[in-house]
Amino acid sequence: MVRISKIYSQEVLDSRGNPTIKAIVELSDGTKESAIVPSGASTGKREALELRDGDKNRFLGKGVLKACENVDLSICEALVGASPYDQGLIDAMLKDLDGTQNFSKLGANATLGVSMATARAAAKSLHIPLYRYLGGANALVLPVPMLNIINGGSHADNTVDFQEYMIMPLGFDSFSEALRASAEVYQYLKKILNEQNHITSIGDEGGFAPNLTNNTQPIEIILQAIEKAGYKPGDEIAIALDVASSELVDGSGMYHLAGEGRKLTSQELVAYYEEMVQKYPIVSIEDGLSEDDWEGWSYLTQRLGNKIQLVGDDLFVTNKKILAQGIEKNIANAILIKPNQIGTITQTMQAVRLAQRNAYKCIMSHRSGESEDNFIADFAIALNTGEIKTGSTARSERIAKYNRLLEIESELSNSEYLGTQLFKK
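Here the structure is a predicted model, which is why all the values come from computation and not from measurement.

**Student:** Hey, could you run me through the overall build of the protein chain in this one?
**Tutor:** Secondary structure summary: the protein chain contains 12 helices and 15 strands in total. What you see for the protein chain is a C-alpha radius of gyration of 21 Å, in line with the 22 Å of a compact globule of 425 residues. If one aligns the C-alpha atoms of the protein chain with their principal axes, the spans along those axes are about 60 × 50 × 45 Å. For the protein chain, contacts bridging at least 24 residues in sequence account for 70% of all contacts bridging at least 6. Of the roughly 16,300 Å² of accessible surface on the protein chain, a fraction of 46% belongs to carbon and sulfur atoms.

**Student:** When you look at the UniProt feature "active site" (unreviewed entry) in the protein chain in this model, what are you seeing that I'm missing?
**Tutor:** When the UniProt feature table is mapped to this numbering, "active site" (unreviewed entry) covers Glu205 and Lys338. Within the secondary structure, glutamate 205 is located in the loop between α5 (175–195) and α6 (217–228). Under the relative-accessibility criterion, glutamate 205 is labelled buried at 2%. Tracing the chain through its elements places lysine 338 in the loop between β12 (334–337) and α10 (345–357). What lysine 338 contacts, discounting residues up to four positions off in sequence, is Asp313, Thr318, Ser365, His366 and Arg367.

**Student:** How should I be thinking about the pattern of salt bridges in this particular structure?
**Tutor:** Pairing is possible between side chains that carry opposite charge, provided their charged atoms lie close to one another. Tallied over the full model, the rule gives 23 salt bridges. Between arginine 58 and aspartate 53 there is a salt bridge, with the nearest N and O atoms lying 3.9 Å from each other. Between arginine 395 and glutamate 397 there is a salt bridge, with its nearest N and O atoms 2.5 Å apart. Its relative accessible area of 24% is what places arginine 395 among the partly exposed residues. Several salt bridges converge on common partners, so that one network encompasses Glu164, Asp242, Glu286 and Lys389.

**Student:** What's the story with the UniProt feature "binding site: (2R)-2-phosphoglycerate" (unreviewed entry) in the protein chain in this structure? I'm lost.
**Tutor:** Following the UniProt record, one finds the feature "binding site: (2R)-2-phosphoglycerate" (unreviewed entry) at Gln163, Lys338, Arg367, Ser368 and Lys389. Mapped onto the secondary structure, lysine 389 falls in strand β14 (residues 387–389). Note on lysine 389: relative accessible area 2%, which makes it buried. When residues no more than four places from it in sequence are discounted, the contact partners of lysine 389 are Met146, Glu164, Met166, Asp242, Glu286, Leu336, Ile363, Met364, Ser365, His366 and Ile376.

**Student:** Where do I start with the packing of helix α1 (residues 65–79) against helix α3 (residues 108–125) in this structure?
**Tutor:** In a packed pair of helices, the relevant descriptors are the angle between the two axes and the axis-to-axis distance. The interhelical angle for the contact between α1 and α3, taken along N-to-C directions, is 50 degrees, at an axis separation of 9 Å. Taken together, the axis directions place α1 and α3 in an arrangement best described as oblique. In terms of crossing hand, the pair formed by α1 and α3 is right-handed. For the pair α1 and α3, contact is made by Ala67, Val71, Ile75 and Leu79 and by Asn109, Ala110, Thr111 and Val114, respectively. Residue classes in the contact of α1 with α3 are distributed as six nonpolar, two polar and no charged.

**Student:** What's the story with the side chain of glutamate 47 in this structure? I'm lost.
**Tutor:** Of note, glutamate 47 is situated in the loop between β3 (32–36) and α1. The class for glutamate 47 is buried, based on a relative accessible area of 11%. Side chain to side chain, glutamate 47 and glutamine 341 meet in a polar contact 3.2 Å long. Among the polar contacts made by the side chain of glutamate 47, one reaches the side chain of arginine 367 at a distance of 3.2 Å.

**Student:** So what exactly am I meant to see when it comes to the sheet that holds strand β2 (residues 19–27) here?
**Tutor:** The strands making up a sheet associate through hydrogen bonds between their backbones, and the pairing can be parallel or antiparallel. The three strands are arranged β1-β2-β3 in an open sheet whose pairing can be described as antiparallel. Of all the strands in the sheet, the pair left with one neighbour each is β1 (4–13) and β3. Here the strands of the sheet are splayed against their neighbours by 20 degrees on average, with no regard to which way each runs. Across nine bridges, β1 lies against β2 in antiparallel orientation. Of the residues in β2, the one forming a bridge with isoleucine 4 is leucine 27. Packed on one face of the sheet, α1 meets β1 and β2 and runs near 175 degrees to β1.

**Student:** I tried to follow helix α2 (residues 87–98) on my own but got confused; where do I start?
**Tutor:** In an α-helix there are 3.6 residues to a turn, and that puts residues three or four apart on one side. For α2, which comprises 12 residues, the first-to-last C-alpha distance of 17 Å matches the rise-based estimate of 16 Å (1.5 Å per residue) to within 8%. Burial in α2 covers these residues: Gln87, Ile90, Asp91, Leu94 and Asp98. The arc enclosing the buried residues of α2, seen along the axis, measures out at 90 degrees, which places them on a common side. Immediately downstream of α2, the backbone of glycine 99 shows phi near 80 degrees, a positive value.

**Student:** What am I meant to see in the environment of leucine 264 here?
**Tutor:** Turning to its location among the elements, leucine 264 is positioned in strand β9 (residues 262–264). The class for leucine 264 is buried, based on a relative accessible area of 7%. Sequence-wise, leucine 264 and proline 129 are 135 residues apart; in three dimensions their C-alpha atoms are separated by 48 Å. With near-sequence residues (within four places) excluded, leucine 264 lies in contact with Met254, Tyr255, Leu257, Leu269 and Tyr272.

**Student:** Even after reading the chapter, I still don't get the packing of α1 against α2, so can you show me in this structure?
**Tutor:** Where α1 meets α2, the axes come as close as 10 Å, and the angle between the chain directions of the two elements is 135 degrees. Here α1 lies oblique to α2, going by the angle between them. Viewed along their axes, α1 and α2 form a crossing whose handedness is right-handed. The segment α1 lies against α2, with Ser74, Ile75, Ala78 and Leu79 engaging Ile90, Met93, Leu94 and Leu97. The residue inventory of the contact of α1 with α2, partitioned by class, reads seven nonpolar, one polar and no charged.

The rules behind each value
- Residues numbered from 1 in each chain as written.
- Predicted model: local features only at pLDDT ≥ 70, side-chain atom pairs only at ≥ 80, totals over all residues.
- Heavy atoms only, no water.
- Helix = DSSP H or I, 4+ residues; strand = E, 2+ residues; numbered from the N terminus.
- Rg over C-alpha atoms; globule rule 2.2 N^0.38 Å.
- Contact = heavy atoms within 4.5 Å.
- Areas by Shrake-Rupley, 256 points an atom, 1.4 Å probe, with all protein chains shown as cover.
- UniProt positions renumbered as here; feature names shortened; annotations may be inferred.
- Buried < 20%, exposed > 50% of the residue type's maximum accessible area, 1.4 Å probe, protein only.
- Salt bridge = Lys/Arg side-chain N within 4 Å of Asp/Glu carboxyl O.
- Axes fitted to C-alpha atoms, helices over the stretch in contact; angles between N-to-C directions.
- Parallel < 35°, antiparallel > 145°, perpendicular 65-115°, else oblique.
- Left-handed = near helix turned anticlockwise from the far one by under 90°.
- Nonpolar A, V, L, I, M, F, W, Y, C, P; charged D, E, K, R; others polar.
- Polar contact = N/O pair within 3.5 Å; in protein donor to acceptor, adjacent residues only side chain to side chain.
- Pairing = 2+ DSSP bridges.
- Expected span 1.5 Å × (residues − 1).
- Arc of directions from axis to C-beta.

Here it is in structure tokens:
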């Protein structure tokens, strides 16, 4: 009987040059696998705790030696001897060992690293792909990518208030064709920005970060790039936004659009979105209002919930209990899935299952601080999320996920790419 024989960790660097955890799991049959945990910049306050050392003499206080120690000692002692093939049991043991609601004792970065590495080791030991191990025979759907090609907000040092301007390649028959079209749009976007004398430096997720005059100008420029690349805006390639409104709201509940020099109420901001949706081929808005503005979210869902995808990220933080409240109150119609918001693979899967049972769409997502780890590519296939956010077609930590999806597509003879079916009424 194969057992977990050793668990340990390393402090490594993420794509922002900040430290993060790499967890390594060894099995009694000689199998060895690892996982690197990502880190977010724009975070919801109800996320599971990412444990940092706070020692200002190391990495400006962002070291993760305490979390690594928790892996090497407490977690290793608890899990060595357990079967790696029961992911639910492994994750339950991690949760019980921590004993808090948000992994504030061990750190969600410690528990998630071990959870991911154990799943990888189990799949490798059984000689099957990770997506097949976690998803079974029904793991078939290649996700539609949401590619962040213009960055703003806390992901870039510029004058754009909204955090992400994304393209969604819907009008294609395969993931590979959709990705190719997206890469072409990205290259044309760079040309257009150069021609208009905008800077073409890139943000954390590989999107360009130009200084623009308002929050609709990025959409205008992206539409030009889509057309220049030879595609039809809306029909073949649509627009998605991540506003990250929790970063915009002030103490009075007003939303401060600094780039436009104005403050809006919830209803005024919703009216702004309605105008944008009417004018532009926008199919998805993420975190349109702040995580605490549930009344505003209710109004937003009433106004736009039957027209476009409304995604809760900071709102739901991959937490099935909070999602259940949203479902009961008819708030949003989609959830962003970030495993490090909740702390284990099993809890992530529970949130996805709850969403899917209630016809909420799911978007598997990276974080702004990423690594070469491509776990979420397999995870998106395993859970048939149908959508994935993992940055632009630039920066190797983003490309690692896309290349893994291309590899999986070549392995699956009966894969599906939802494309135009994704938002079909």
